[in-house]
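Descriptive structure summary
Next come the chains, spelled out residue by residue.
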Amino acid sequence: MPFVTESTGEENANLYKRGVKEGSRGELLDASELLELLDAFGEDGARSYLVGYLEGVDDAMEEEDE
């Protein structure tokens, strides 16, 4: 099993922002990239990215509706 570290608050914030940007553009990491993110930043980091991604998708959908 690979060594998993836990991400810091700053890393989580950056991962969230990255997720928002990629979600609003309709981009998503493929499965191997998500696993690398999980290995590097732990569950909290992966969760921060995915929550940001969903926020970005939601923002993009709201903009389309306007």
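This write-up is about the structure you can find in this document. (Residues numbered from 1 in each chain as written. Predicted model: local features only at pLDDT ≥ 70, side-chain atom pairs only at ≥ 80, totals over all residues. Heavy atoms only, no water.)

1. Section: the packing of helix H1 (residues 9-24) against helix H2 (residues 31-65)
Rules: In this analysis, axes come from line fits to C-alpha atoms, helices being fitted only over the stretch in contact, and the angle between any two N-to-C directions falls in the range 0 to 180 degrees. Strands here are runs of E lasting at least two residues and helices are runs of H or I lasting at least four, both read from the DSSP assignment and numbered beginning at the N terminus. Relative orientations are named as follows: roughly parallel for angles under 35 degrees, roughly antiparallel for angles over 145 degrees, roughly perpendicular for angles from 65 to 115 degrees, and oblique for any other angle. Here is the rule for handedness: rotate from the far helix to the near one, and if that takes an anticlockwise turn smaller than a right angle the crossing is left-handed, while a clockwise turn gives right-handed. Residue polarity follows a fixed list, in which Ala, Val, Leu, Ile, Met, Phe, Trp, Tyr, Cys and Pro are nonpolar, Asp, Glu, Lys and Arg are charged, and the others, Gly among them, are polar.
Contact pair H1 / H2: the axes reach a minimum separation of 6 Å and the direction vectors enclose 40 degrees. Relative to H2, H1 is oriented oblique. As H1 packs across H2, the resulting crossing turns out to be right-handed. Considering only residue class, the contact of H1 with H2 consists of ten nonpolar, eight polar and five charged.

2. A word on H1
Note the following rule: Working rule for helices: expected span equals 1.5 Å times residues minus one. Accessibility here uses a 1.4 Å probe with only protein chains present; expressed as a share of the type maximum, an area under 20% marks a residue as buried, one over 50% as exposed, and anything in between as partly exposed. The arc under discussion is defined with respect to the helix axis, by the directions toward the C-beta atoms.
With 16 residues, H1 should cover 22 Å at 1.5 Å per step; its first-to-last C-alpha distance of 23 Å lies within 8% of that length. For H1, the full list of buried residues reads Asn12, Leu15, Gly19, Glu22 and Gly23. All buried residues of H1 project into a common sector of 95 degrees when viewed along the axis, lining one side. H1 presents Glu10 and Lys21 as exposed residues on the side facing more than 90 degrees away from its buried surface.

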